[in-house]
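Okay, here's what each chain looks like letter by letter:
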Amino acid sequence: MKKHITNLRQSFGIAFFVLASYCSPVSAQQIISVKTKSNALVLQVTPGKELNTIYLGEKLANDFDYVKIQGQFKQGTDYSGIYNAAYTPSGSKNLLEPAIAVTHADGNTSLDLLYVDHKTTTVSTGVSQTEITLKDNVYPIEVHLFIQSYYDTDIIEQWTTIKHAEKGNITLNKYASANLYLKGYNNFYLNQYHGDWAKEMQPEESKLTHGIKVLDTKLGSRANLFQPSVFMVSLDKPATEDDGKVLFAGLEWSGNFRTDLELDPLNNLRVISGINNAAAAYSLAKNTVFTTPKFWYTLSSKGKGHASRNLHDWSRNYKILDGKGSRLTLLNNWEATYFNFDEDKLKVLIADSKKLGVDMFLLDDGWFGNNFPRNNDDAALGDWDVNKKKLPNGIGTLVKTAKDNQVKFGIWIEPEMVNPASDLYKKHPEWIVKQPGRTEHYFRNQLVLDLSNPKVQDFVYGVVDNLFTENPELAYIKWDCNAVIYNAYSSNLKDKQNNFYTDYVTGLYKVLERIRVKYPTVPMMLCSGGGGRVDYAAMKYFTEFWPSDNTDPLERVYMQWEYSYFYPALTIAAHVTDWGKQPIKYRTDVAMMGRLGFDIVVKDLNEKDLTFAQQAIKNYNALSNTIWQGDQYRLQNPWGNDAASVMFVNKSGNEAVVFSYSVNSRYEVGTHLPIKLKGLQAGQNYKVEEINVYPDKKPVVETATYSGDFLMQVGINPNVNSTNTSVVLKITKA
Ligand code: GLA
């Protein structure tokens, strides 16, 4: 046993010190510590068997120092002794926000959770899992805390399972995934995000004050429309790109979430995150295991940039479907045609995809519905048969045309939804989320199908499966979700209506799981009327997401900047469209810092614009591995500067690309100072060359060789100004 522990400690930095033996009976001051490369989460079992957090921060050099931490804090009285509970129960001595609250089968609402044992196992190289068992000593209820450490990337995931053996169902009034405790800091600054359609990922920073700040959503399906679950907390002072201590976190859940940030009476920060319990007190049957979603977090002592690079590495390795793979460039017809197309028009666009030089043509909304044709957004959702008038020869002929043009073919669906003007609405009213006897409320003229119902799950799975069965060469799906849930009611759940919001999401995951069993790798874009849904549970099934319907490149500079803290470039779909008044060069340069696509009428491009776009796609193809798999450095913030600068360096350090964009059009604005590059080797020489130069224009940056030292200490001026509004520099090790 001793040898086993030593091995674990060496490989993953898991320590069981002061612990007499593995899974031993409780002794005083028993410590459970979970470590990553830079950080430690240290829990302590008290003599009364309560499990508390005593440390979450940078690893200490000496394991035995953790038990001395408590003695150094003179913050006042903890009247319950569990302000820092590792998973705060409710209804006993707790005085603060709980992580779990239950109503037992007999109606009693008290709970105490006491340590029983724990074990740590190896999940895979560099990934370890600590499972701690907690039990109530009055009621037969058991909670397991899971803490998964991804050593190299400093990411920790936490979740729980809840099970009981009471006579009858119990109700989970709250069932968080994680309950963190941060202490040792004078101040906490929350960076949160808010938004709406076309206004996603607007950051807001504020100092946390006493009481509870709640980040949450109750929208159900298009859950992130007003707020995503991702956030940052800077410790002591607001962190910058390269400086300061900061926690990044988010919930892996594509539905209602809730995060409580409670600055407690001792001035420490409690972070409790999980499924939103609003209208969702969950009825749990005897001996059924309820598993909460995972809550991920990472701590950086070197600012936000470091946290985000760790997160990108972690998500590409463990979370995103095909995270280490490549992506397809594409031409989408949404803004080029909207609903107004036919076979001939699409065939021209498919040929245009080839002409432009992208990998794929993506057919968007409007291809289905016959009794209720989809000529607008007010009909046909639910009726996934090809519209015979627009496409008399079906999808097959388009797939063939694409093949003849050596491009792939992808298609849009929105399978969770139904329009009242549809055959499905009439045929299966019991499949639809709506309150019996009440007025129906529509969001974009549609209603949501009840994914808690296995029959609806089969139907939604069938939408995808039928498409692939009929068109085996289909190469890509854009999965949209445009409506929130009003009038939440499931005729399937009968007297368990409070399980609806949760079961909807687990139903969605069941469908996606089935799709991935049969179609493991086909790329799928996650869209929700823009960025209404992305999170790291969904990204297990999707290869990329649509951040916003707002494709004005100026707006996208800001939005993609913010998204990029949490999601790597290969997941961020960015299309060149006709939104905004900027030249095609600016629009393309901005889209190139994500997964590049186009949504324009190619035939309307003048010759130079077309030549530019064709060359830019070639440049993108040559650099895409660096953008998708490299390390991202945010060099100059668009907020508060005239120009923004973003850099990607490939993992071997021999290639980089720097994108610079003007974000201000006032008189004589521009990059007056050089931009300092990052992530290069000081002693190496690098060739700097401007690419994406518009036809017949001269480069604004001369090709030259500089040392890494120079590029990082002095920097290089991309010469962005009101004439050269965007500049792309390719950096190659000389
Ligand atoms: C949503 C999406 C768009 C487009 C339309 C189609 O708004 O975000 O990209 O697919 O639906 O109706």
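What you see is a predicted model, and the numbers here were worked out from it, not measured in a lab.

### Considering the overall build of the protein
So, step 1. When helices and strands are tallied, the protein shows 12 helices and 35 strands.
So, step 2. For the protein, whose C-alpha radius of gyration is 27 Å, the value lies close to the compact-globule estimate of 27 Å for 734 residues.
So, step 3. Structurally, the protein occupies a C-alpha span of about 80 × 70 × 50 Å along its principal axes.
So, step 4. Taking all 734 residues of the protein together, the buried fraction comes to 63%.
So, step 5. With the model as given, the accessible surface of the protein reaches about 27200 Å², and the carbon-plus-sulfur share is 49%.
So, step 6. In the protein, 78 side chains carry a positive charge and 79 a negative one; their mean positions are 4 Å apart.

### With respect to the domain arrangement of the protein
So, step 1. Examined at the domain level, the protein breaks down into domain 1 (86-311) and domain 2 (632-733).
So, step 2. Every contact between the two is made by 7 residues of domain 1 and, on the other side, 5 residues of domain 2.
So, step 3. Taking both partners together, domain 1 and domain 2 bury about 510 Å²; carbon and sulfur atoms supply 42% of that area.
So, step 4. Applying the counting criterion to the domain 1 and domain 2 interface returns 2 salt bridges.
So, step 5. Where R634 meets E241, a salt bridge forms, and the shortest distance between an N and an O atom there is 2.7 Å.

### Section: the UniProt feature "domain: Glycosyl hydrolase family 36 N-terminal" (unreviewed entry) in the protein
So, step 1. UniProt marks residues 50-285 with the feature "domain: Glycosyl hydrolase family 36 N-terminal" (unreviewed entry), using the numbering shown here.
So, step 2. The span residues 50-285 is 0% helical and 48% strand by assignment, and the distance between its end C-alpha atoms comes to 26 Å.

### Quick notes on the sheet that holds strand β35 (residues 726-733)
Sheet strands associate in pairs through backbone hydrogen bonding, adopting either a parallel or an antiparallel arrangement.
So, step 1. Strands sit in the order β30-β31-β32-β35-β33-β34 across an open sheet of 6 strands; the sheet is antiparallel. The sheet is open, and its two edges are formed by β30 (631-636) and β34 (704-707), each paired on a single side. When the angles between neighbouring strand axes are averaged without regard to direction, this sheet yields 25 degrees.
So, step 2. Relative to strand β32 (residues 655-662), strand β31 (residues 643-649) is paired through 7 bridges, and the arrangement is antiparallel. Looking at β32, one finds that A644 is bridged to Y661.

### Thoughts on the site of the ligand
So, step 1. Taken together, 13 residues surround the ligand, and among them D364, D365, R444, K478 and D549 come closest.
So, step 2. Take D364: an N or O atom from its side chain is 2.7 Å from an oxygen atom of the ligand.
So, step 3. Here an oxygen atom of the ligand sits 3.0 Å away from a polar atom, N or O, in the side chain of W412.
So, step 4. For the shell around the ligand, the per-class residue count stands at 4 nonpolar, 3 polar and 6 charged.

### Focus on the pairing of strand β7 (residues 141-150)
So, step 1. Of all 10 residues in β7, 9 are buried, a share of seventy percent or more.
So, step 2. The hairpin formed by strand β6 (residues 127-135) and β7 contains 5 residues between the paired strands.
So, step 3. Taken together, the 10 bridges between β7 and strand β8 (residues 155-164) define a ladder with antiparallel strand orientation. Its bridge partner being in β8, Q148 is matched across the sheet by E157.
So, step 4. Hairpin remark: β7 followed by β8, antiparallel, with 4 residues in the connecting loop; positive phi at D154, about 60 degrees.

### Considering the environment of Q632
So, step 1. Mapped onto the elements, Q632 comes out in strand β30.
So, step 2. Relative accessible area serves as the criterion here: at 4%, Q632 is assigned to the buried category.
So, step 3. Residues Q632 and H306, 326 residues apart in the sequence, show an inter-C-alpha distance of 9.4 Å.
So, step 4. Excluding anything up to four places from it in sequence, Q632 contacts R309, H312, S564, V646, M647 and F648.
So, step 5. A distance of 3.4 Å separates polar atoms of two side chains, one belonging to Q632 and the other to S564.

### Focus: the sheet that holds strand β28 (residues 573-576)
So, step 1. Across the sheet, 8 strands lie side by side as β27-β26-β25-β22-β21-β20-β29-β28; this open sheet has parallel pairing. Each edge of the open sheet carries a strand with a single partner, namely β27 (544-545) and β28.
So, step 2. Here strand β21 (residues 360-363) pairs with strand β22 (residues 408-413) via 4 bridges, running parallel. Residue F361 lies in a different strand from β22, and its bridge partner there is F409.

What counts and how
- Residues numbered from 1 in each chain as written.
- Predicted model: local features only at pLDDT ≥ 70, side-chain atom pairs only at ≥ 80, totals over all residues.
- Heavy atoms only, no water.
- Helix = DSSP H or I, 4+ residues; strand = E, 2+ residues; numbered from the N terminus.
- Rg over C-alpha atoms; globule rule 2.2 N^0.38 Å.
- Buried < 20%, exposed > 50% of the residue type's maximum accessible area, 1.4 Å probe, protein only.
- Areas by Shrake-Rupley, 256 points an atom, 1.4 Å probe, with all protein chains shown as cover.
- Lys, Arg positive; Asp, Glu negative; His and termini not counted.
- Charge placed at Lys NZ, Arg CZ, Asp CG, Glu CD.
- Domains from an automatic or database assignment.
- Contact = heavy atoms within 4.5 Å.
- Buried area = accessible area lost by both parts, 1.4 Å probe.
- Salt bridge = Lys/Arg side-chain N within 4 Å of Asp/Glu carboxyl O.
- UniProt positions renumbered as here; feature names shortened; annotations may be inferred.
- Pairing = 2+ DSSP bridges.
- Axes fitted to C-alpha atoms, helices over the stretch in contact; angles between N-to-C directions.
- Near = heavy atom within 4 Å.
- Polar contact = N/O pair within 3.5 Å; in protein donor to acceptor, adjacent residues only side chain to side chain.
- Nonpolar A, V, L, I, M, F, W, Y, C, P; charged D, E, K, R; others polar.

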